[in-house]
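# Topology and contacts: notes
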Amino acid sequence: MQGNKTVIDLLNAQLTLELTSMDQYLAHSKMYEDWGISALHHKLSHEYEEELDHAKKLIERILFLEGVPDTASRKKIHVGQSVEQMLANDLNAEKEVAAHLKKVITECEKAQDYVTREILQTLLDDTEMDHIYWLEQHLNMIKLMGLQNYIQSQMKQHHE
Ligand SMILES: [Fe+2]
Ligand SMILES: [Fe+2]
């Protein structure tokens, strides 16, 4: 089914953001693993998988709309040098993803592409209710208990 050109271009821009987040989570996840901070390592490997899933959904939709998925482009990733900086950089990345998703959703609305809009809404739900919420909670935990206590609390893997 031939899709709207503006929607396809925006879906590709969204794909670039999801793949960029995926790369950043991979870098941070591996750094946490190296530092022995198991709970953060596992949480971020999970986030990595979720971004991969978001990317897959976008690629499928772009192909369905007869567009060409741009799987090569990336934005610059921001690798932090401390736990707090890494969490803050991930939060910034997620906020950028959320803002762009809203822009694409608005454009889908204009083009009356309601099915694409619904797909994007599930991505926005994951982004706001899971990723952003978790990062805000953890940055707040650092404020509440101090960085050393926070890191200690994340050394062992928790079961969600
Ligand atoms: Fe995502
Ligand atoms: Fe995310």
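Here the structure is shown first, and the text comes after it.
Residues numbered from 1 in each chain as written. Chains lettered and ligands numbered in written order. Predicted model: local features only at pLDDT ≥ 70, side-chain atom pairs only at ≥ 80, totals over all residues. Heavy atoms only, no water.

### A look at the coordination of the iron ion (ligand 1)
Bound to the iron ion (ligand 1) are the protein donor atoms E18 (OE), E51 (OE) and H54 (ND1), situated 2.0 to 2.1 Å from the metal. Here the iron ion (ligand 1) and the iron ion (ligand 2) are spaced 3.5 Å apart, and both take E51 as a donor. Here H54 and E51 lie together in helix α2 (residues 38-64), a separation of 3 residues that amounts to about one turn. (Donors = N, O, S within 2.8 Å, 3.2 Å for Na, K, Ca; no water. Helix = DSSP H or I, 4+ residues; strand = E, 2+ residues; numbered from the N terminus.)

### Section: the side chain of E50
Positionally, E50 belongs in helix α2. Lacking a salt bridge, the buried E50 has K43 as its closest oppositely charged neighbour, with an N-O distance of 6.5 Å. For E50, the side chain forms a polar contact with the side chain of H131, separated by 2.6 Å. Excluding its chain neighbours within four sequence positions, the residues that come into contact with E50 are D130 and H131. (Buried < 20%, exposed > 50% of the residue type's maximum accessible area, 1.4 Å probe, protein only. Lys, Arg positive; Asp, Glu negative; His and termini not counted. Salt bridge = Lys/Arg side-chain N within 4 Å of Asp/Glu carboxyl O. Polar contact = N/O pair within 3.5 Å; in protein donor to acceptor, adjacent residues only side chain to side chain. Contact = heavy atoms within 4.5 Å.)

### Description of the packing of aromatic side chains
Evaluated as defined, the whole model comprises 1 aromatic pair. Aromatic side chains Y32 and W35 sit 6.4 Å apart centroid to centroid with 75 degrees between the ring planes, which places their arrangement in the edge-to-face category. Within this pair, Y32 and its partner W35 are both found in helix α1 (residues 5-35), separated by 3 residues, close to a single helical turn. Under the relative-accessibility criterion, W35 is labelled partly exposed at 37%. (Phe/Tyr/Trp six-rings, centres within 6.5 Å; stacked < 30°, edge-to-face > 60°.)

### Section: the coordination of the iron ion (ligand 2)
Within the first shell, the iron ion (ligand 2) binds the protein through E51 (OE), E94 (OE), E94 (OE) and H131 (ND1), at distances of 1.9 to 2.4 Å. Note that the iron ion (ligand 2) binds 4 donor atoms; their angles at the metal cover 57 to 137 degrees, and the shape is irregular. On the accessibility criterion, E94 (1% relative accessible area) is buried. (Tetrahedral: all angles 85-135°; square planar, octahedral: opposite > 155°, others 65-115°.)

### Thoughts on the pattern of salt bridges
Under the counting rule described, the total for this entry stands at 11 salt bridges. In this structure, the salt-bridge partner of K43 is D130, at a minimum N-O distance of 3.5 Å. One end of the pair, K43, is in helix α2; the other, D130, is in helix α4 (residues 114-145), and 87 residues separate them in sequence. Note on K43: relative accessible area 7%, which makes it buried. Across the pair E109 and R117 runs a salt bridge, and its minimum N-O distance is 2.7 Å. For E109, a relative accessible area of 36% gives the class partly exposed. By relative accessible area, which is 23% here, R117 ends up partly exposed. Members of the salt-bridge network, linked through shared partners, are K43, E47 and D130.

Don't take any of this as a statement about function, it's just geometry.
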